[in-house]
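If you want the building blocks of each chain, they are given just below.
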Amino acid sequence: MRLLNIIALLPLLASLAASPLCAQVTSGPSGEEGEPLRRQKWLVPSLDTGIAAHAVLFRPAGAGPFRLAVIAHASTQNGLRRAQMPQPEYRPLAAYLVARGYAVLVPERLGHGATGGRYVEDQGGCDEADSARSGRATAGQIRLALDHLRKQDFIRNEAAIVIGHSAGGWGALALADADPKTISAIAVFAPGRGGHANDEPNRICAPAKLLAAAAEFGRGARIPVTWLVAGNDSYFAPAFSKSLADAFRGGGGKVDFRILPAVGGEGHWMIESEAGVEAASGDLARALNPDRPKATKKP
């Protein structure tokens, strides 16, 4: 009889053991506000319902509601480097945006750092890199984080901006097909995939596929893009970046392409520094506040 009871309980025990793995995780603040800029740790949804993406939020003083800025970080195909990646914060850029009234979210995507999980934006091998698929996967993660913050009382529901860096910028380009009422502007810093192939400067994985994917993203684009690259970027050099921007524009996307002065020893990382934000500040200001047609007086 005891054996029969044990057998009868086995399905229940199995379901209890499995339930934590199947349960959806909770999103929201995961720490107290602190300095600087009311810095606060958050958890936001990811493409894996069992994993919450780690994030950090900065915001101005007051209750809001604030316009939202989402910063999408760079990435790498190297699994060890991704696992060791610290939480991206882009503090100089966040400070620039908070000073202009934005709440700033920097989510850490799947396959990186403390978030962990499967690297859903894997592009595959260098020669056959699927840069279009990886960009769409990055865009999906940016969208989930943005949509979650838009539901918060202190965030305005419309006119968010997305700023992407490298692979994060590539995902932002794939997100340019979103509703312009939800996302009013996109700014990208040296967007692309597969730069520094095999750790070699100015070598890019499958550049023809990257150009074709840029044109594909441009065909669906509805949001204007400000495309910035430093003169000393050796991941996606200005000449190649211009070709990518031209391909995006040729597909139908609206692009303002600018080459910025050389910043630091490697311009690809300019947006992580105060000097880089200062160099980009004029173009960022135009991206955040595009010129509006002046009203004309009635005769």
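Our subject is the structure that appears above.
Every chain is numbered independently, its residues counted from 1 as its sequence is written. Selection of residues for local features in this predicted model requires a pLDDT of at least 70, selection of side-chain atom pairs for listing and counting requires 80 or more, and totals for whole chains, interfaces and linings are taken over all residues. Where side-chain values are given, they derive from all heavy atoms of the structure, hydrogens and water being excluded.

Engineer: Is there a simple way to think about the sheet that holds strand β3 (residues 53-58) in this case?
Structural biologist: Working definition: the strands of a sheet are paired by backbone hydrogen bonds and lie parallel or antiparallel to each other. In this analysis, strands are considered paired if DSSP registers two or more bridges between them. Each helix is a run of H or I in the DSSP string that is no shorter than four residues. Each strand is a run of E no shorter than two, and both are numbered from the N terminus. The strand order β1-β2-β3-β5-β4-β6-β7-β8-β9 describes an open sheet built from nine strands, whose pairing is mixed. Each end of this open sheet is capped by a strand with a single partner; those strands are β1 (28-29) and β9 (255-260). Where strand β2 (residues 40-44) lies against β3, five bridges are found, and the strand directions are antiparallel. When the bridges of β3 are listed, Leu43 appears paired with His54.

Engineer: Explain the pattern of salt bridges to me, please; I cannot follow it from the model alone.
Structural biologist: Between side chains of opposite charge, pairing is possible as soon as their charged atoms come close. Salt bridge criterion: a side-chain nitrogen from Lys or Arg within 4 Å of a carboxyl oxygen from Asp or Glu. In total, this model carries 17 salt bridges according to the counting rule given. Of the charged contacts in the structure, one is a salt bridge between Glu33 and Arg59, with a shortest N-O distance of 3.1 Å. Taken as a pair, Glu33 in the loop between β1 and β2 and Arg59 in the loop between β3 and β4 (67-72) lie far apart in primary sequence, 26 residues in all. The exposure class assigned to Arg59 is buried, which follows from its relative accessible area of 9%. Between Arg286 and Asp283 there is a salt bridge, with the nearest N and O atoms lying 2.6 Å from each other. Of this pair, Arg286 and Asp283 are both found in helix α8 (residues 274-288), three residues apart, which corresponds to roughly one turn of the helix. For every residue, the accessible area obtained with a 1.4 Å probe (protein chains only) is divided by the maximum for its type, and the residue is called buried under 20%, exposed over 50%, and partly exposed between those limits.

Engineer: How should I be thinking about the environment of Thr115 in this particular structure?
Structural biologist: For Thr115, the position within the fold is in the loop between β5 (102-107) and α4 (131-150). Spatially, the C-alpha atom of Thr115 lies 7.4 Å from that of Ile51, the residues being 64 residues apart in sequence.

Engineer: Looking at this structure, I do not really get the state of the cysteines. What am I missing?
Structural biologist: Simply put, the disulfide is a covalent bond whose two ends are the sulfur atoms of two cysteines. Disulfides are defined as cysteine sulfur pairs within 2.5 Å. The final tally for this structure, using the stated rule, is one disulfide. Across a sulfur-sulfur distance of 2.0 Å, Cys126 and Cys205 are joined as a disulfide pair. Between Cys126 and Cys205 the sulfur-sulfur dihedral comes to about -105 degrees; the bridge is accordingly left-handed. In this pair, Cys126 is assigned in the loop between β5 and α4 and Cys205 in the loop between β7 (183-189) and α6 (207-220), connecting sequence segments 79 residues apart. Assessed through its relative accessible area of 22%, Cys126 is described here as partly exposed.

Engineer: In this structure, what is going on with helix α3 (residues 91-98)? I would like to understand it.
Structural biologist: An α-helix turns once per 3.6 residues; consequently, residues spaced three or four apart project the same way. Those residues of α3 that fall on the buried side of the exposure criterion are Leu93, Ala94, Tyr96, Leu97 and Val98. Of the surrounding secondary structure, the elements contacted by the buried residues of α3 are β3, β4, β5, β6 (160-165) and α8. In this description, contact between two residues means that some pair of their heavy atoms is separated by no more than 4.5 Å.

Engineer: I keep staring at the packing of aromatic side chains and nothing clicks. Help me out?
Structural biologist: Think of a pair of aromatic rings as described by two things: how far the centres are apart, and how the planes are tilted against each other in angle. Aromatic pairing here means that ring centres of Phe, Tyr or Trp (its six-membered ring) are within 6.5 Å. Orientation follows from the plane angle: under 30 degrees is stacked, over 60 is edge-to-face, and everything else is tilted. Following the criterion strictly, the structure yields four aromatic pairs and no others. Considering the side-chain rings of Trp42 and Phe154, the 6.1 Å spacing of their centres and the 70 degrees angle between planes classify their relative orientation as edge-to-face. Of this pair, Trp42 sits in strand β2 while Phe154 sits in the loop between α4 and β6, and the two are 112 residues apart along the sequence. Residue classification places Phe154 among the buried residues on the basis of a relative accessible area of 12%. Measuring from centroid to centroid gives 5.5 Å for Tyr235 and Trp269, while their planes differ by 80 degrees, and the two rings are edge-to-face. You can see Tyr235 sitting in the loop between β8 (225-230) and α7 (238-250) and its partner Trp269 sitting in the loop between β9 and α8, a full 34 residues away along the chain. Using a relative accessible area of 32% as the deciding quantity, one classes Trp269 as partly exposed. The criterion for a charge sitting over a ring is simple: Lys NZ or Arg CZ within 6 Å of the ring centre, and within 35 degrees of the ring normal. The residue whose ring lies beneath Arg59 is Phe154, and the NZ or CZ to ring-centre distance is 4.1 Å.

Coordinates in, geometry out; function isn't part of it.
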